[in-house]
Amino acid sequence: MNKRDKKTKQKEAHKKSMDLAAPEDPAQAPLRKAYEQVIFRDWCKACGICSAFCPKKVIGRDEAGAPVIERPEECIACRFCEIHCPDFAITIRERSESPKEEEDL
Ligand code: SF4
Ligand code: SF4
């Protein structure tokens, strides 16, 4: 086997190992859970605590200080916002759960 053949064989072996390490079919991969942040506007006093405690910067604030859900897909469901809200005005739930009727409370 000459040098060129050896190199080609090495390249093929490397490619094969890379193929084995390739990610699975995305359709087969487990889905990342998605969460919904539900704000009960009538109870919210726009204190900003939920925004301040959110480690993923999911919750921003508008010019009046009221919470605005800016990056819902980043939510990790740590529930810091829910736990620290003094008025029980925010809750977190998995996206597949029942529709968000509470927002109209
Ligand atoms: S912590 Fe509660 S009351 Fe304060 S801004 Fe957030 S949702 Fe509103
Ligand atoms: S559950 Fe955690 S990550 Fe999600 S919005 Fe509340 S504080 Fe942010």
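About the criteria used
Residues numbered from 1 in each chain as written. Chains lettered and ligands numbered in written order. Predicted model: local features only at pLDDT ≥ 70, side-chain atom pairs only at ≥ 80, totals over all residues. Helix = DSSP H or I, 4+ residues; strand = E, 2+ residues; numbered from the N terminus. Buried ≥ 20, exposed ≤ 12 C-beta atoms within 10 Å, placed from the backbone. Contact = placed C-beta atoms within 7 Å. Core = buried A, V, L, I, M, F, W, Y, C linked by C-beta atoms within 7 Å. Near = placed C-beta within 6 Å. Nonpolar A, V, L, I, M, F, W, Y, C, P; charged D, E, K, R; others polar.

Any chance you could explain the overall build of the protein chain here in plain terms?
Within the protein chain, the secondary structure is distributed over three helices and four strands. Beginning at the N terminus, the succession of helices and strands in the protein chain can be written as α-β-α-β-β-α-β. Within the protein chain, buried positions represent 12% of all 105 residues. For the protein chain, restricting intrachain contacts to residue pairs at least 6 apart in sequence, the fraction spanning at least 24 positions comes to 54%.

Help me out: how do you make sense of the nonpolar core in this one?
Across soluble globular proteins, nonpolar side chains have a tendency to be buried as a group. I39, I49, C50, C54, V58, I59, C75, C81, C85, A89 and I90 form the largest nonpolar core, which has eleven residues in total. Excluding its chain neighbours within four sequence positions, the residues that come into contact with V58 are Q37, I69, E70, R71, P72, E74 and C75.

Mind showing me how you'd approach the site of ligand 1 here?
Near ligand 1 there are 13 residues, and of these C44, C47, I49, C50 and C85 occur at the shortest range. In the shell around ligand 1, the residues fall into ten nonpolar, one polar and two charged.

Mind showing me how you'd approach the environment of I92 here?
One can find I92 in strand β4 (residues 90-94). For I92, a count of 18 C-beta atoms within 10 Å puts it in the partly exposed group. The spatial distance from the C-alpha of I92 to the C-alpha of C75 is 9.1 Å, given a sequence separation of 17 residues. Once residues within four sequence positions are removed from consideration, I92 is found in contact with Y35, Q37, C75, A77, R79 and E82.

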